Each structure stands twice: as C-alpha cells, then as structure tokens.
Amino acid sequence: MLFANSMSLMWLSYYGLSLIVLIAVYFALAWLPRLPRLVMTWIVAGAMWMPARFRLPLVEEGEFYTGWAPAAMVSAVGVLEGGGSGLRDGLLWLILGMALGACVGIALWWWRRPQNIEEVPPPREVEEEPTRRREPVIN
C-alpha cells in the first residue's frame, strides 16, 4: 500500500517522472531516423530504470544502511564519495542497463520495421493509333 513517506511511493513517483523524461527524449530526437531514435531512447531508459544495491555507513561504528537505488545515482554517489566498490557496482549495473535498453530499442525497431513491398513495375504504355471520332449517323 502507498503511505506517506514510503519507499513504494518514492519509487512510483520516480518511475512516473522518468516516463515523462523518456517521452521528452523520444520527441527531442525526432530529427533522427527511427532506429537510432529508438536505440538512444531505450539507452536512456535503461540508464534511468536499472536498479543497483548500495551500502552507506551510519553514524554508529560498524553500522550500515543498505538498499536499492537507480544505478546512475549509485554511481554518482560513488564518484562523490570516492568509494571504489559503490562506483564499480553502480557503473556495472548502469552499463548493463544501457546495453539492455539498446537491445530493447533494436528489438522494437525489428518488430515494427516496414516490410519490403515488392514493387510492381508500372504498366507499359502501348502507343495505339489515335481513334478517330465517329460522327453519329441517322438511319
């Protein structure tokens, strides 16, 4: 159930906002052909939606807080803290998410690609003698 200050509400709002960002990215790349646009959009989706585990030290000695967060955020915190394990794990999941997103984009393009339509050659125009107009005749 969704309660105030709950983790499920936080994740639901994160995914809702990320859908808005994803649609904006898709329309921002409208100048690209369909395949690169889908691949780039789903790479961004994979980067936003791939979760990763993190572990942060608490004030008490030897106590840690562990949880799940988007891999991009885990990587960013790892860079800011200078922690190798958080950065390594976050980047690994981030790159995996981006690769999976690229595969989804290619699969969507492949599934919805235009089918090759056999082109029928245009009919040859046969030059006939112009028909003469026949005048009506009363019998």
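In this report, the structure presented in the accompanying data block is examined. (Residues numbered from 1 in each chain as written. Predicted model: local features only at pLDDT ≥ 70, side-chain atom pairs only at ≥ 80, totals over all residues. Heavy atoms only, no water.)

### Some points on the overall build of the protein chain
Assigned secondary structure in the protein chain consists of 4 helices and 2 strands. Starting at the N terminus, the α and β elements of the protein chain follow one another as α-α-β-β-α-α. Here the protein chain has a C-alpha radius of gyration of 30 Å; the compact-globule value for 139 residues is 14 Å, and the former is much larger. For the protein chain, with 139 residues in total, the buried portion stands at 22%. For the protein chain, the share of sequence-separated contacts (at least 6 apart) that also reach a separation of at least 24 residues comes to 41%. For the protein chain, the exposed area adds up to about 11,700 Å²; of that, 67% sits on carbon and sulfur atoms. Positive and negative side-chain charges in the protein chain, numbering 11 and 12 respectively, have mean positions lying 6 Å apart. (Helix = DSSP H or I, 4+ residues; strand = E, 2+ residues; numbered from the N terminus. Rg over C-alpha atoms; globule rule 2.2 N^0.38 Å. Buried < 20%, exposed > 50% of the residue type's maximum accessible area, 1.4 Å probe, protein only. Contact = heavy atoms within 4.5 Å. Areas by Shrake-Rupley, 256 points an atom, 1.4 Å probe, with all protein chains shown as cover. Lys, Arg positive; Asp, Glu negative; His and termini not counted. Charge placed at Lys NZ, Arg CZ, Asp CG, Glu CD.)

### So, the side chain of Ser18
Mapping Ser18 onto the fold places it in helix α1 (residues 7-28). Here the side chain of Ser18 touches Tyr15 through a polar contact of 2.8 Å, landing on its backbone oxygen. (Polar contact = N/O pair within 3.5 Å; in protein donor to acceptor, adjacent residues only side chain to side chain.)

### Let's talk about the pattern of salt bridges
Summed over all chains, the structure comprises 1 salt bridge. Arg88 is the salt-bridge partner of Asp89, the closest N and O atoms lying 3.9 Å from each other. A relative accessible area of 54% means that Arg88 is categorised as exposed. (Salt bridge = Lys/Arg side-chain N within 4 Å of Asp/Glu carboxyl O.)

### Focus: α1
For α1, built from 22 residues, the straight-helix expectation of 32 Å at 1.5 Å per residue is met to within 8% by its first-to-last C-alpha distance of 31 Å. Every buried residue of α1 is accounted for by Trp11, Ser18, Leu22 and Val25. One side of α1 holds all its buried residues, which, seen down the axis, span an arc of 60 degrees. Facing away from the buried side of α1 by more than 90 degrees, the exposed set consists of Leu12, Leu17, Ile20 and Phe27. Buried-residue contacts for α1 involve α2 (34-49) and β2 (64-70). (Expected span 1.5 Å × (residues − 1). Arc of directions from axis to C-beta.)

So yeah, pure geometry; function would need other evidence.
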